[in-house]
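Examining the three-dimensional arrangement
What follows is each chain in one-letter form.
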Amino acid sequence: MGELGFKPYRAEQVSRWLYEKGVVDFDEMTNLSKDDRQVLADHVTLPRFELVSEQVAEDGTRKFLFRLPDGETIETVWLPEERRATLCISTQAGCAMACGFCLTARGGLRRNLEVWEIVEQVLEVRRRTDRPLTNVVMMGMGEPLANLDAVIPALERLVEQKGIALAPRRVTVSTVGLVPQMAELGRRAPYVNLAVSMGAATDEKRIELVPPAKKWPLDALMTACRSYPLGPRQKIFFEYILIAGVNDSPAQAKALVKRLHGVRCKVNLMAYNPAPGLPYQRPERATVLAFQQILLDAGIATFVRKSRGQDILAACGQLRRQEGETAPLTQLDEAAP
Ligand code: SF4
């Protein structure tokens, strides 16, 4: 805006139109003169996604497949609840982390998303839904910490007052445990929540499910968690997807208790949603509850997350095929906190 000769207050006005009101055209910015709008239209583009498809689950969960300007596709999931609405957004097209239980992993990494592509998911879904968005989780396609140079400025847009103005504690960044980048996130964006996707509580099992664990075993991961800068009432969220016969045993629960000792945290357990073409199964409800009880008995705040949108999750990966896409979609678990 400065380069185009505008005063700072004009930039703020434009920012409010874009992020608060979500307009898609300079002509809608009615507190700018016609000439100013023309200057902007001549020099700036407001790129948008194309909606490829949308699925609506019985519980109101909506899954969007967006096409980016270069043809890549990403998935964004809106999860309405009684008192909040959470958006699960993608940070990469595809993913290089190769987690064994995840369909996105199968297509590999296509590319990092740009800052605007991360933020636009929020704006685009806000335009298409009728309830205020309260929470954003970066748990869609991709490993957010592998794209920190775009993720950090996107987080700033999400929380700043002249941006989307979400409460920072309602924004969560998830990682499979990229240790050096966790420290960097703590330095550059300590105001958001950190969620760690555990996979399993022993290195042997964890490496099987989450290959980056080979490079950063649990000792290194937990050291990074213990030194993560937390505010006075802040906790690290540990996300643990329970897979039948793989990581859902009492022994794994006890190992998890040991690993979490001394870490200010909350654990979210999620029963795995079977995905087409992957060998893993969902555990019985009793197994999930028994796992939870072991953690509760050790004094660890542990919640079993409801599976959301299961009827559309069942079709996960098929959506893209239906739409003629070649790469599979991400496995969608319920968004965290
Ligand atoms: S679970 Fe997340 S980090 Fe792992 S491959 Fe899938 S998208 Fe990537």
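Residues numbered from 1 in each chain as written. Predicted model: local features only at pLDDT ≥ 70, side-chain atom pairs only at ≥ 80, totals over all residues. Heavy atoms only, no water.

Looking at the overall build of the protein
The test is simple: Only DSSP runs of H or I reaching four residues or more are called helices, and only runs of E reaching two or more are called strands; each is numbered from the N terminus. For the exposure calls, accessible area comes from a 1.4 Å probe over protein chains only, and a residue counts as buried if that area is under 20% of its type's maximum, exposed if over 50%, partly exposed in between. A 1.4 Å probe and the Shrake-Rupley method give the accessible areas. Residues count as covered only by the protein chains that appear here.
When you go through the protein residue by residue, the secondary structure sums to twelve helices and twelve strands. Summarising its shape, the C-alpha atoms of the protein cover approximately 70 × 45 × 40 Å along the three principal directions. A burial count over the protein gives 55% of its 337 residues as buried. Working note: accessible area of the protein is about 14600 Å², and carbon and sulfur atoms make up 50% of it.

Describing the environment of E160
The line we're drawing: A 3.5 Å cut-off defines polar contacts: any pair of N or O atoms within that distance qualifies, except that in protein one atom must be a possible hydrogen donor and the other a possible acceptor, and neighbouring residues in sequence count only when both atoms are side-chain atoms.
Tracing the backbone shows E160 in the loop between α5 (148-159) and β8 (171-175). Using a relative accessible area of 23% as the deciding quantity, one classes E160 as partly exposed. Polar side-chain contacts of E160 include one of 2.8 Å to the side chain of R157.

Structural notes on the packing of helix α1 (residues 8-21) against helix α4 (residues 115-128)
Worth spelling out the cut-off: A fitted line through C-alpha atoms serves as each axis, taken over the contacting stretch for helices, and the angle formed by two N-to-C directions is quoted from 0 to 180°. Comment on the angle field: the value is read as roughly parallel under 35 degrees, roughly antiparallel over 145, roughly perpendicular from 65 to 115, and oblique elsewhere. Note on contacts: a residue pair qualifies if any of its non-hydrogen atoms lie within 4.5 Å across the two residues. All amino acids are sorted into three groups, where Ala, Val, Leu, Ile, Met, Phe, Trp, Tyr, Cys and Pro are nonpolar, Asp, Glu, Lys and Arg are charged, and the leftover types, Gly among them, are polar.
Running from N to C, α1 and α4 point in directions that differ by 65°, and their axes come no closer than 9 Å. Considered as vectors, α1 and α4 are oriented roughly perpendicular to each other. Contacts from L18, Y19, E20 and K21 in α1 reach V119, L123 and R126 in α4. Of the residues in the contact of α1 with α4, the class split is four nonpolar, no polar and three charged.

Let's talk about the site of the ligand
Spelled out, the test is: Near residues are defined by distance, with any heavy atom within 4 Å of the molecule or strand qualifying the residue.
Taken together, C95, M97, A98, C99, F101, C102, A105, G142 and V176 make up the full set of residues adjacent to the ligand. Its residues assigned to classes, the shell around the ligand shows eight nonpolar, one polar and no charged.

So, the packing of aromatic side chains
Going by this rule: Aromatic rings from Phe, Tyr and Trp, with only the six-membered ring used for Trp, were paired whenever their centres fell within 6.5 Å, and each pair was classed as stacked if the ring planes differed by under 30 degrees, edge-to-face if by over 60, and tilted otherwise.
Tallied over the entire structure, the rule returns five aromatic pairs. On the numbers, 5.3 Å between centres and 40° between planes, the contact of F49 with F66 is tilted. One end of the pair, F49, is in the loop between α2 (34-43) and β1 (50-56); the other, F66, is in strand β2 (residues 62-67), and 17 residues separate them in sequence. Each member of the pair, F49 together with F66, is buried.

Topic: the domain arrangement of the protein
Heads up, the rule is: As used throughout, domain bounds are those supplied by an automatic or database domain assignment. Note on definitions: buried area is the accessible-area loss of two parts on being combined, 1.4 Å probe, summed for both. Salt bridges are defined by distance alone: a side-chain nitrogen of Lys or Arg within 4 Å of a carboxyl oxygen of Asp or Glu.
By the assigned domains, the protein splits into domain 1 (1-46) and domain 2 (51-322). A C-alpha centroid distance of 35 Å is found between domain 1 and domain 2. Per-residue buried area on domain 1 facing domain 2 is highest for R16, Y19 and G22; these three make up 62% of the total on that side. Linking domain 1 to domain 2 there are zero salt bridges. Where domain 1 packs against domain 2, one counts four residue pairs in polar contact (both at pLDDT 80 or more). Partitioned by chemical class, the residues of the side of domain 1 that touches domain 2 number four nonpolar, two polar and four charged.

Some points on the pattern of salt bridges
Under the criterion given, the structure shown has 19 salt bridges. Between E124 and R127 there is a salt bridge, with its nearest N and O atoms 2.8 Å apart. Of this pair, E124 and R127 are both found in helix α4, three residues apart, which corresponds to roughly one turn of the helix. By relative accessible area, which is 29% here, R127 ends up partly exposed.

Considering unusual backbone geometry
For A98, which is not glycine, the phi torsion reads 60° and is therefore positive. Mapped onto the elements, A98 comes out in the loop between β5 (92-94) and α3 (103-106). Taking relative accessible area as the criterion, A98 reaches 39% and is therefore assigned partly exposed. A positive phi angle, near 60°, is found at A165, a position not held by glycine. Along the chain, A165 turns up in the loop between α5 and β8.

What about the confidence of the model for the protein?
As a reminder of what qualifies: pLDDT measures the predictor's confidence residue by residue and takes values from 0 up to 100.
Here the protein shows a mean pLDDT of 91. Residues at 70 or above account for 93%. A low-confidence stretch, residues 314-322 (pLDDT under 50), is modelled with 25 contacts involving residues beyond four sequence positions or located in other chains. Considering only residues more than four positions removed or in separate chains, one finds that residues 324-337, a stretch of pLDDT under 50, has 66 contacts.

Re the sheet that holds strand β11 (residues 265-271)
Selection criterion: By definition, two strands form a pair when at least two bridges between them are found by DSSP.
What the ten strands build is an open sheet, ordered β1-β2-β3-β4-β7-β8-β9-β10-β11-β12; its pairing is mixed. Two strands bound the open sheet, and with one partner strand each, they are β1 and β12 (302-304). Direction aside, the axes of adjacent strands within the sheet are offset by 20° on average. Taken together, the four bridges between β8 and strand β9 (residues 193-197) define a ladder with parallel strand orientation. Bridge pairing in β9 links S174 to A195.

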